[in-house]
Amino acid sequence: MRILKHLFDNNQAWAEHINTENPGFFETLSRQQAPKYLWIGCADSRVPANEIVGLLPGELFVHRNVANVVIQTDMNCLSVIQYAVDVLKVQHIIVCGHYGCGGVQAAIQDQDLGLIDNWLREIKELYYQHESLLDDLSDQQERLDRMCELNVIRQVYNVCHTTIVQQAWKRGQSLSVHGWIYCLKDGLLRDLSLCVTHPEEVAAYYRQSAMCMG
Ligand code: CO
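Just so we're clear, the structure is a prediction, and the values are computed from it rather than from any experiment.

*Asks:* It is not clear to me how the overall build of the protein should be interpreted in this structure. Could you clarify?
*Replies:* A count of helical and extended segments in the protein gives 11 helices and 5 strands. Each principal axis of the C-alpha atoms in the protein carries an extent, and together these give about 55 × 45 × 30 Å. Long-range pairs, those at least 24 residues apart, make up 63% of the contacts in the protein between residues at least 6 apart in sequence. Distance between charge centroids for the protein: 5 Å, based on 17 positive and 25 negative side chains.

So, in structure tokens, the structure goes:
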């Protein structure tokens, strides 16, 4: 008997359901993928990329890590972006954070959590940069929410500054980078009004959005 049999049962039911709705779905999809979107989100189990935006397999290229961080030396994330932009030619990169993010919370707490502290260093620095603004917020929940938003804005900025995105724009490829945030409490996405389509827009958007956070 299989271990985790219920997961295989779920899988069988899921595949059958999709095949009933769209006969030949998997057969067609197995030949190629042509997603229009790259999703960069948090690894949190409560933020399932495809389900949130109602997209089927084949429609969303996904990269997830703790606190949806885009670090310029992270070969994993950069390789995903490069493949998505250069080979799959996605038209949109969506950085999606979420309120109540444990990774962001860990970054702004003075606590030793081990290896993960290194991963979250970028968010710690972001927190120190905005500390005075954030300290004005007496409510701890609100402070965490603002930090989750600031983190999305920063990661959009980081995506825009990758050589991959810069070069795509330079050669005239149509590519937009979006900053969204997901609310665990109601299952809804919020657009942080951050949509960058040209290199010239990056600095202006970043300044404007970071100021709005105050
Ligand atoms: Co999270």
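So that's the structure; there's more coming.
*Asks:* So what exactly am I meant to see when it comes to the coordination of the cobalt ion here?
*Replies:* Tetrahedral metal sites with four donors have an ideal angle of 109.5 degrees; octahedral sites with six donors have ideal angles of 90 or 180 degrees. For the cobalt ion, the full set of protein donor atoms is Cys42 (SG), His98 (NE2) and Cys101 (SG), at a range of 2.0 to 2.3 Å. Sequence positions of the residues that donate to the cobalt ion give the spacing C-x55-H-x2-C. Remark: His98 occurs in strand β3 (residues 92–98) and Cys42 occurs in strand β1 (residues 37–42); sequence separation between them is 56 residues. Taken individually, Cys42 and His98 each receive the classification buried, so the pair is uniform in this respect.

*Asks:* Just to check I follow, could you spell out the pairing of strand β5 (residues 188–196) for this structure?
*Replies:* Successive residues of a regular strand alternate their side chains across the two faces of the sheet. With 7 bridges connecting them, strand β4 (residues 176–183) and β5 associate as antiparallel partners. Within β5, the residue paired with Ile181 across the bridge is Arg190. Connecting β4 to the next strand, β5, in antiparallel fashion are 4 residues, including Gly187 with a positive phi near 75°.

*Asks:* Would you explain helix α4 (residues 75–87) in this entry?
*Replies:* Think of an α-helix as turning once every 3.6 residues; residues three or four places apart then point the same way. With 13 residues, α4 should reach 18 Å at 1.5 Å per residue; the first-to-last C-alpha distance of 17 Å fits that figure. Taken together, the buried positions of α4 are occupied by Cys77, Leu78, Val80, Ile81, Ala84 and Val85. Along the long axis of α4, the arc covered by the buried residues comes to 160°, so they all point the same way. Buried residues along α4 sit against β1, β2 (60–65), β3 and α10 (163–170). One side-chain oxygen of the residue at the start of α4 lies 3.1 Å from the amide nitrogen of Asn76, identifying that residue as Asp74. Of the residues one or two after α4, Lys89 is the one with positive phi, at around 55°.

*Asks:* How do you make sense of the pattern of salt bridges when you look at a structure like this?
*Replies:* If charged atoms from side chains of opposite charge come close, those side chains can pair. Tallying each qualifying case throughout the model produces 9 salt bridges. A salt bridge links Arg154 to Glu122; the nearest nitrogen and oxygen atoms lie 3.9 Å apart. Residue Arg154 is found in helix α9 (residues 140–160), and its partner Glu122 is found in helix α7 (residues 121–129); the two are separated by 32 residues along the sequence. For Arg154, a relative accessible area of 14% gives the class buried. Note that Asp186 is salt-bridged to Arg190, the shortest N-O span being 3.0 Å. In this structure Asp186 comes out as partly exposed when scored by relative accessible area, which is 37%. One salt-bridge network, in which partners are shared between bridges, spans Glu142, Arg146 and Glu149.

*Asks:* How should the environment of Trp39 be read in this particular structure?
*Replies:* Within the fold, Trp39 resides in strand β1. Taking the C-alpha atoms as reference points, Trp39 and Glu122, separated by 83 residues in sequence, lie 20 Å from one another. With residues near it in sequence (within four places) discarded, Trp39 still touches Ala49, Ile52, Val53, Leu60, Phe61, Val62, His63, Arg64, Ile94, Cys96, Trp180 and Leu189.

*Asks:* So what exactly am I meant to see when it comes to the packing of aromatic side chains here?
*Replies:* What describes a pair of aromatic rings is the distance from one ring centre to the other and the angle between the planes of the rings. Tallied over the entire structure, the rule returns 4 aromatic pairs. With 5.2 Å between their ring centres and 90° between their planes, Phe25 and Phe26 make a pair best called edge-to-face. When its relative accessible area of 14% is taken as the criterion, Phe25 is described as buried. Each residue in the set Trp14, Phe25 and Phe26 is aromatic and connected to the rest through ring pairs, giving one cluster.

*Asks:* How should the sheet that holds β1 be read in this particular structure?
*Replies:* Neighbouring strands of a sheet are bound in pairs by backbone hydrogen bonds; such pairs are parallel or else antiparallel. Here we have 5 strands laid out as an open sheet, ordered β2-β1-β3-β4-β5, and mixed in their pairing. The open sheet has two edge strands, β2 and β5, and neither has a second partner. Each strand of the sheet is rotated relative to its neighbour by a mean of 20°, with strand direction disregarded. Where β3 lies against β4, 7 bridges are found, and the strand directions are parallel.

Thresholds, definitions, all that
- Residues numbered from 1 in each chain as written.
- Predicted model: local features only at pLDDT ≥ 70, side-chain atom pairs only at ≥ 80, totals over all residues.
- Heavy atoms only, no water.
- Helix = DSSP H or I, 4+ residues; strand = E, 2+ residues; numbered from the N terminus.
- Contact = heavy atoms within 4.5 Å.
- Lys, Arg positive; Asp, Glu negative; His and termini not counted.
- Charge placed at Lys NZ, Arg CZ, Asp CG, Glu CD.
- Donors = N, O, S within 2.8 Å, 3.2 Å for Na, K, Ca; no water.
- Buried < 20%, exposed > 50% of the residue type's maximum accessible area, 1.4 Å probe, protein only.
- Pairing = 2+ DSSP bridges.
- Expected span 1.5 Å × (residues − 1).
- Arc of directions from axis to C-beta.
- Polar contact = N/O pair within 3.5 Å; in protein donor to acceptor, adjacent residues only side chain to side chain.
- Salt bridge = Lys/Arg side-chain N within 4 Å of Asp/Glu carboxyl O.
- Phe/Tyr/Trp six-rings, centres within 6.5 Å; stacked < 30°, edge-to-face > 60°.
- Axes fitted to C-alpha atoms, helices over the stretch in contact; angles between N-to-C directions.

Bear in mind that shape data such as this cannot, by itself, settle questions of function.
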